[in-house]
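Working through the structure, step by step
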Amino acid sequence: MMNNKSNNSIYKKLATRSLALLFAFGMVSCTDDDDNPMEVLEEEVITTMNVTLTANGSTVTLQSKDLDADGPNAPETTITGNFLANTTYTGSIELLNETVTPIEDVTEEIEEKKEEHQFFFTTTGSVDNVTYNDEDADNNPIGLSFTLTTGDSGSGSIQITLRHEPKKPNDGSLADAGGETDIAQTFTITVQ
Amino acid sequence: MKYGYLLFLLCLVFNHTQAQSCNLILQGTIIDYHDNTPLNEAIITISGTTQQTISAIDGTFYFTALCPGILELEIAHHACKSLFVPLDLQENTFKEIRLEHHLEALEEVEVTGRSNNKSSSAHEAFLTASTISKNMGGTLGDALKELAGITTLSTGAAIVKPVIHGLSGSRVLILNNNVRMQDMEWGEEHAPNIDMNTNKNIQIIKGAAALEFGGDAIAGVIKLLPEPVARQDSLYGQTQTQLFSNGKGGALSTTLIKSYESGLFIKGQGSFKRLGDLNTPDYLLTNTGVLERGISFTVSKRDFRQGWEAYYALFDAEIGILRASHIGNVDDFITAVNIKQPNTQNDFSYAINNPKQEVQHQLVKASFYQRFEGLGKWTTQYDFQKNHRFEYDIRLGADADKAALDLQLTTHSLATDLKIDAWQNAKFKVGLLGRHQANIANPLTGVRRLIPDYMSQNYGAFITVDHRLTDNLLIDGGLRYDFTQIDAKKFYRTSRWEERGYDATFSTIVTQDLGTQLLTNPVFQYHAIAATAGIIYKLDDDLTLRGNFSFSQRAPNPSELFSDGLHHSAARIELGDLNIKSESASNISVAIEKDSELWGFVLSPYINTINDFILLDPTGVEFTIRGAFPVWSYRQTNAQLVGLDFTAYGKWSSHVRTDHTFSLVYGTDKSLRAPLINIPPPSFTNTISYTNQRWNNLTLGLTSEYVFRQNNTPPNIAVFSPEQQATVVLEINTPPEAYHLLRLHTEIDFELKNNKKITLGLQATNLGDTKYRAYLNRLRYFVDDLGRNISTRILFNY
C-alpha cells in the first residue's frame, strides 16, 4: 500500500508525542516530599473516669481507664477502698483525656454544656439507690455530683452511663432518655 | 474609427478567451477519508450550474468543457454530509477529494439521537433522555434504578450509590463527561458527586468498551455524557424547575448554549437544589435536609478533522445525616433497632445541623483530538479533580463546629488513545494512561484520621478490537494492564498494630515510634490484568445473541487497606487490612434480545466468580469506655454472584405500552459457604403507560415495584451488652420485609412560537404512602423509608 510509509510516520509521531506527554507527567508527579504528616491531637476523647465516694472520712474510688480509646484494648477498671453497709456516700465524677500532655480535664466541658448531658446510674444488689446532687439551668439533673446509699453487706453493681443530648427531662431510664452514649461502664462492688 | 478598433480588439480578446477557456477538463476521484477506498455513487455538482455527474465504481468522475475561473464543487453521498470544495480552475486538473462517510464517526460532529452502543458483546443499557429529565431532582442512583440489574446502596435519601449486579463502590466506575470520578467512592456513606443536571445521556457499559476506562470496573462503567451540540449558529437553552412535597423543597437548573456553524460552542449550566427534613408515612426524619449547588462551563470546537474541549465543573453538596442514626455504642444501637422508630424527632426544618457531610468536587478537563487520513483518530485528555470532603459529628464545646473528618483528594490524569478505523470490518483502539493522586487529611480536626495521607500512581495501557466476521457475526475483545503504587504515611495506635499482628509482618515499615502511636510508611504495588472477549450474533432482524467473558483485577482501595477507627454514624469500628491483595473477577454473561415493532425482551443471565473478593462485614466486638462496638473488618474470600436480568416491553396499541423488569442475584461466600452481605433482593417492576402525540404528547404512566425479602443473608452476630449485662443477638443482618410501591408519572408538552417548548410533569412516588424498609438502605436499622412524594416539573426549552 502506498500509505504504509505515511502511516508509519504517523504512528511514530503519535508514539513519541504520547510517550513524551506521559513522561512529562511522570516527572511532575514524582516530586515526592518526605515530610511526615502531623500527629493528630485527639480532642474531647475521654480516657478516664474517676468516681470518688466519701462517707465519714472513708473514701472509695472507682476508676475506668481506656488509654487507647477506640483501640482494641478494653478499659481497665480499678476499685480502691471498701463500701460500708447502710452508708450514705457523697459522690463526684471526674473525666480526663490522658492521651494529651498536659492531661485535659473533660469534666469542665460537661459542666459548660450541662443542659446537653446527663449521667445515669443503674444499680443492683447491695446498692440501695443513687440520687442526683446537681442541676442544670432547667432544674434537670446532671450527675457530676450525687449521693449513693448502700444497703446490707453483699455484692452489687453500679453502672454509670453518660449520655450526650439526651431527652431532658426524662423518667430517669436510659430508654426514655435516648441520646448518644459517651461513657458506659459497670463496676462490680462488694459492700462490707 | 478609434473606438471601432478598440471594440475589435475587445471582441478579439473576448472571443479568444471564450474559445480558449471553456474546454477545460476536471477529473477526480472520491476517496473514503478513513481507509482510502474509492467511493462510488457520489453526486458531484458544480455549484450554481446544472452540471452534475456521479462517481464511478472506482470513485472517478470528470467534467468537460469547463471555463477557467473559480468554481465550487458540491459532493454529496448518501449517509454523508455534503462537502463543498472550492477550486481555481486554470488548466486541465486532477483533483482527489476525501469524503467522510462513516456514520459512526459523523456522530461526533452531528447531533446524535440515542447513542446507545449496541455493538458490545456484553449486554449494555442506557437511560432515555426523558427518564433522566424526570429524575433530575433526584440522585444518579435513583435514576439508574430504572434499569434491570441496577439497585442502590444508600445511607438515607441523599447518599445513594449505584449497585450493578450486586457490586458497588470501587467496582463501579463512574465517568462524568469522560472523566473518571475520583471522589472517595470507597466508603459506604459516600455518594458520587454528580450533578444530574449536567448530563443528558447515561449508559452502562461493560466488556471491551469498559476496558478503555479502567480494568478494575468489575461491575461495569456508568458513563454520563452531556447533550451533543449541533453545528449551527444558534443560541438556545433549557430551564427546569421542580417542586417536591416530601422535604418541601425544589430544584432549579438552567443551561444556555451558544453554538456556531464552525463547530465552536460555549455552554454554561447552573443548578440548585434545596430540601428540608424528609418524612416517612408516620414521622419526620430530623436533619435529613440537602443543599446542592452546581455550575459547569464548556468551550469546545469540534470539526471532523480535529477538535478540542475545555470543561470546568463545580459541585457542592451539604447533606444532613439523620440525627437518630448517629448513636453512641452497641447498646444505643440495640435500643434503636428494638424501638423501630427514631428517638430524636424535632419539628420540620430546612436547617442542616450536625451530623452532616459537606463535599465540594471540582473538575477541569482539556481534551484534543486529531484525525489522520487512512488511519484513525487520536485523542488526548488531561483532567484534574479536587474532592474536598468534610464530615461533621456531634461534638463538644469549642469543637462543636469543627469537622471530624477533612480530606482533600487531588487527582491528575493524562490519557491518550488512538482509534484505528481504517479498515471496514475491524476497529482497534489502543491507549495509555497516567494518573497521580494525593490525599491529605487535615490533622487539626482533633480526631484520628480515618484515611491516612497517601500518594498513588497508576499507569495503564490497553488495546481493544472489534471485528465484523460476517454481516451477522461480530467479535470483540480487549486487553489491559495497570500498575498501581500506593505510598501512605499512617499513624497506628501501638495497641492496634499489635492486635492486628503487624508487628510480626510489617515491622520494617515503621518509621517512627511515638510511644502510644507508630508512624508507618506502607508502600504497596499492584499489577492488574484485565481481558475480555465476546461475540454478537444476529439470528435475524429482531433477534440478537450476545456472549461475553471478562476477567478483571482490582487493586484494594485506601479504605480497604487503611480504615482504622470508629464510625459514629454507624456505631461501628471499621478495620482495614494491610495484607489485602487484589481481587480477580471472572464474569460470564449471555444475553438474548428480541426487538420488534410490537414487543421485545432481553434475557441475560450471568455468573461472576470473584477470587479474593474484598468485603466488609461484622466480625466481633470491642470494648471501650464508651461501651461496646461491633467491629466490621475488611476481609477476603472467594465469592460467586449468579444472577438474571429480564426486561420486556409490549406495544398493545399505538398509545399503550407496558414495560416489565425482573432482577435476581444470588451471592455466596464460597469459602464460608454462607450468603454474602448486602446483596440486593429480587425485584419485579411493571409499568403501564399511555402516550398520545396528538394530545400534546400526553404521557400517563403507572409503575408498580415489588421488592422481595432478601432471605439470603449472613447470620446475625451476638454481642455482650454492658447495659443488659448479658449477651444479646444484634440483628444487624435481619432483612426487612418485602414491599410494594406505586409510582405515577404524567407529562404534557406545549409547543410555543419560535421552536420553544414547555413540558409540564406531575409525579408521585410511593403513591400509597406505604411503610417499608429497604435492605440496602443503612438507615433501615433506625427508621422507615420515605413516604409519598408528589413533585411537579416545568421544563422550558427555548
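Please read these numbers as outputs of a predicted model, since none were measured by experiment.

Things to note about the overall build of chain B
Counting its regular elements, chain B contains nine helices and 45 strands. Relative to its length of 798 residues, chain B is compact, with a C-alpha radius of gyration of 31 Å against a globular reference of 28 Å. The C-alpha extent of chain B, read off along each of the three principal axes, is 130 × 65 × 55 Å. Taking the contacts inside chain B whose residues are at least 6 apart along the sequence as the reference set, 66% of them involve residues at least 24 apart. With an accessible surface of roughly 33000 Å², chain B has 57% of that area assigned to carbon and sulfur atoms.

Comments concerning the overall build of chain A
Per the secondary structure count, chain A includes three helices and ten strands. Along chain A, helices and strands appear, N-terminal first, in the series α-β-β-β-β-β-α-β-β-β-β-α-β. With 192 residues in all, chain A has 47% of them scored as buried. Residue pairs at least 24 apart in sequence account for 61% of intrachain contacts in chain A once pairs closer than 6 positions are excluded. For chain A, the exposed surface amounts to about 9500 Å²; the carbon and sulfur share of it is 50%.

With respect to the packing of aromatic side chains
Residues and elements named next belong to chain B. Enumeration over the complete set of coordinates arrives at 24 aromatic pairs over all chains. Measuring from centroid to centroid gives 5.9 Å for phenylalanine 333 and phenylalanine 782, while their planes differ by 85°, and the two rings are edge-to-face. Taken together, the residues span a long stretch of sequence, with phenylalanine 333 in helix H6 (residues 330–339) and phenylalanine 782 in the loop between strand S44 (757–765) and strand S45 (789–797) at a distance of 449 residues. With respect to burial, phenylalanine 333 and phenylalanine 782 carry one shared label: buried. Relative to tyrosine 526, the ring of phenylalanine 524 has its centre 6.5 Å away and its plane inclined at 55°; by these criteria the two rings are tilted. The two residues phenylalanine 524 and tyrosine 526 agree in class, both being buried. Members of the aromatic cluster, connected to one another through ring pairs, are Tyr492, Trp497, Tyr502, Phe506, Phe524 and Tyr526.

Some points on the interface of chain B and chain A
Interface size, as often reported, equals the accessible area lost upon joining of the parts. With 67 residues of chain B in contact, the opposing surface of chain A contributes 58 residues. Taking both partners together, chain B and chain A bury about 5300 Å²; carbon and sulfur atoms supply 57% of that area. Put simply, chain B and chain A have three salt bridges between them. A salt bridge links glutamate 165 of chain A to arginine 323 of chain B; its shortest N-O distance comes to 2.7 Å.

Some thoughts on the sheet that holds strand S7 (residues 93–99) of chain B
Residue and element names in this part refer to chain B. An order of S4-S1-S7 is seen for the three strands of this open sheet, with the pairing classed as mixed. Only two strands of the sheet have a single neighbouring strand rather than two, namely strand S4 (60–66) and S7. Going from strand to strand, the sheet's axes swing by 20° on average, the running direction of each strand aside. Bridge analysis of strand S1 (residues 24–32) against S4 gives five bridges, and the strand direction is antiparallel. Following the sheet pairing, leucine 24 is matched in S4 by leucine 66.

Observations regarding the pattern of salt bridges
Residues and elements named next belong to chain B. Taken as a whole and assessed by the stated rule, the structure comprises 37 salt bridges over all chains. Ionic pairing is found between arginine 180 and aspartate 216, a salt bridge with its closest N-O pair at 2.9 Å. Taken together, the positions of arginine 180 in strand S12 (residues 179–180) and aspartate 216 in the loop between helix H5 (208–211) and strand S14 (220–225) put the pair 36 residues apart, joining distant regions of the chain. Summarising the burial analysis for this pair, arginine 180 and aspartate 216 share the class buried. Here aspartate 421 makes a salt bridge to arginine 371, at a shortest N to O gap of 3.6 Å. With a gap of 50 residues between them, aspartate 421 in the loop between strand S24 (405–420) and strand S25 (426–441) and arginine 371 in strand S22 (residues 356–372) connect regions that are remote in the sequence. When sorted by exposure, aspartate 421 lands in the same class as arginine 371, which is buried. Each of the salt bridges in this network shares a partner with another, and the network as a whole consists of Lys490, Arg496, Glu499, Arg500, Asp564 and Glu622.

A word on the pairing of strand S5 (residues 69–76) of chain B
Residue and element names in this part refer to chain B. In the sheet, strand S2 (residues 43–46) pairs with S5 via four bridges, with the strands oriented antiparallel. Bridging across to S5, isoleucine 44 finds its partner in isoleucine 75. The sheet contact formed by S5 and strand S6 (residues 83–89) spans seven bridges and is antiparallel. Within S6, the residue paired with leucine 71 across the bridge is leucine 87.

Some remarks on the nonpolar core
Nonpolar side chains in soluble globular proteins tend to be buried together. Judged by nonpolar contacts, the single largest core of 100 residues is most densely connected at Leu144, Ile202, Ile222 and Leu578 of chain B. Looking at this core element by element, the count peaks at six residues for strand S35 (residues 599–624) of chain B. Here this core spans two domains, and each of domain 2 (107–212) and domain 3 (220–797) of chain B adds at least three residues to it. If we ignore the near neighbours within four places in the chain, the residues touching isoleucine 202 of chain B are Ala125, Phe126, Leu127, Ile132, Leu140, Leu144, Met196, Ile222, Lys223 and Leu224 of chain B. Among the nonpolar cores identified, the runner-up in size contains 29 residues, and Ile93, Val106, Leu144 and Phe146 of chain A belong to it.

A few points about the sheet that holds S2 of chain B
Residues and elements named next belong to chain B. A sheet is described by the order of its strands in space; here four strands give the open sequence S3-S2-S5-S6, paired in antiparallel fashion. Strands with a single pairing partner mark the edges of an open sheet, and in this sheet they are strand S3 (52–54) and S6. Taking each pair of neighbouring strands and ignoring which way they run, the sheet shows an average axis angle of 25°.

Some details on H6 of chain B
Along an α-helix, a turn takes 3.6 residues, which lines up residues three or four apart on a common side. Of all ten residues in H6 of chain B, seven are buried, a share of seventy percent or more. If you check which residues of H6 of chain B are buried, you get Val330, Asp331, Asp332, Phe333, Ile334, Ala336 and Val337 of chain B. On its buried face, H6 of chain B sits against strand S9 (154–164) and strand S10 (180–191) of chain A together with strand S36 (627–651), strand S41 (717–721) and strand S42 (726–730) of chain B. Positioned one or two residues after H6 of chain B, lysine 340 of chain B has a phi angle of 60°, which is positive.

A closer look at the environment of alanine 125 of chain B
Residues and elements named next belong to chain B. Within the secondary structure, alanine 125 is located in strand S8 (residues 125–127). The partly exposed category is assigned to alanine 125, whose relative accessible area is 21%. Once residues lying within four places of it in the same chain are set aside, the contact partners of alanine 125 are Leu147, Ile202, Gln203 and Ile204.

With respect to the side chain of aspartate 216 of chain B
Residues and elements named next belong to chain B. Of the residues examined, aspartate 216 reaches a relative accessible area of 19% and is grouped as buried. One polar contact links aspartate 216 to arginine 180, side chain to side chain, over a distance of 2.9 Å. Not counting residues within four places of it along the chain, the set of residues in contact with aspartate 216 comprises Ser170, Arg171, Leu173, Arg180, Gln553 and Arg554.

Side note on the confidence of the model for chain A
Taken as a whole, chain A shows an average pLDDT of 83; of its residues, 82% reach a score of 70 or greater. Confidence drops under pLDDT 50 across residues 1–5 of chain A; counting only partners more than four residues distant or on other chains, this segment forms one contact.

With respect to the domain arrangement of chain B
Residues and elements named next belong to chain B. The domain architecture assigned to chain B consists of domain 1 (2–101), domain 2 (107–212) and domain 3 (220–797). Each of domain 2 and domain 3 has a C-alpha centre, and these two points are 8 Å apart. Taken together, the contacts link 74 residues of domain 2 with 112 residues of domain 3. Interface area for domain 2 against domain 3, summed over the two sides, is near 8000 Å², with a carbon-plus-sulfur share of 55%.

Calculation criteria
Residues numbered from 1 in each chain as written. Chains lettered and ligands numbered in written order. Predicted model: local features only at pLDDT ≥ 70, side-chain atom pairs only at ≥ 80, totals over all residues. Heavy atoms only, no water. Helix = DSSP H or I, 4+ residues; strand = E, 2+ residues; numbered from the N terminus. Rg over C-alpha atoms; globule rule 2.2 N^0.38 Å. Contact = heavy atoms within 4.5 Å. Areas by Shrake-Rupley, 256 points an atom, 1.4 Å probe, with all protein chains shown as cover. Buried < 20%, exposed > 50% of the residue type's maximum accessible area, 1.4 Å probe, protein only. Phe/Tyr/Trp six-rings, centres within 6.5 Å; stacked < 30°, edge-to-face > 60°. Buried area = accessible area lost by both parts, 1.4 Å probe. Salt bridge = Lys/Arg side-chain N within 4 Å of Asp/Glu carboxyl O. Pairing = 2+ DSSP bridges. Axes fitted to C-alpha atoms, helices over the stretch in contact; angles between N-to-C directions. Core = buried A, V, L, I, M, F, W, Y, C linked by side-chain atoms within 4.5 Å. Domains from an automatic or database assignment. Polar contact = N/O pair within 3.5 Å; in protein donor to acceptor, adjacent residues only side chain to side chain. pLDDT = per-residue confidence, 0-100.

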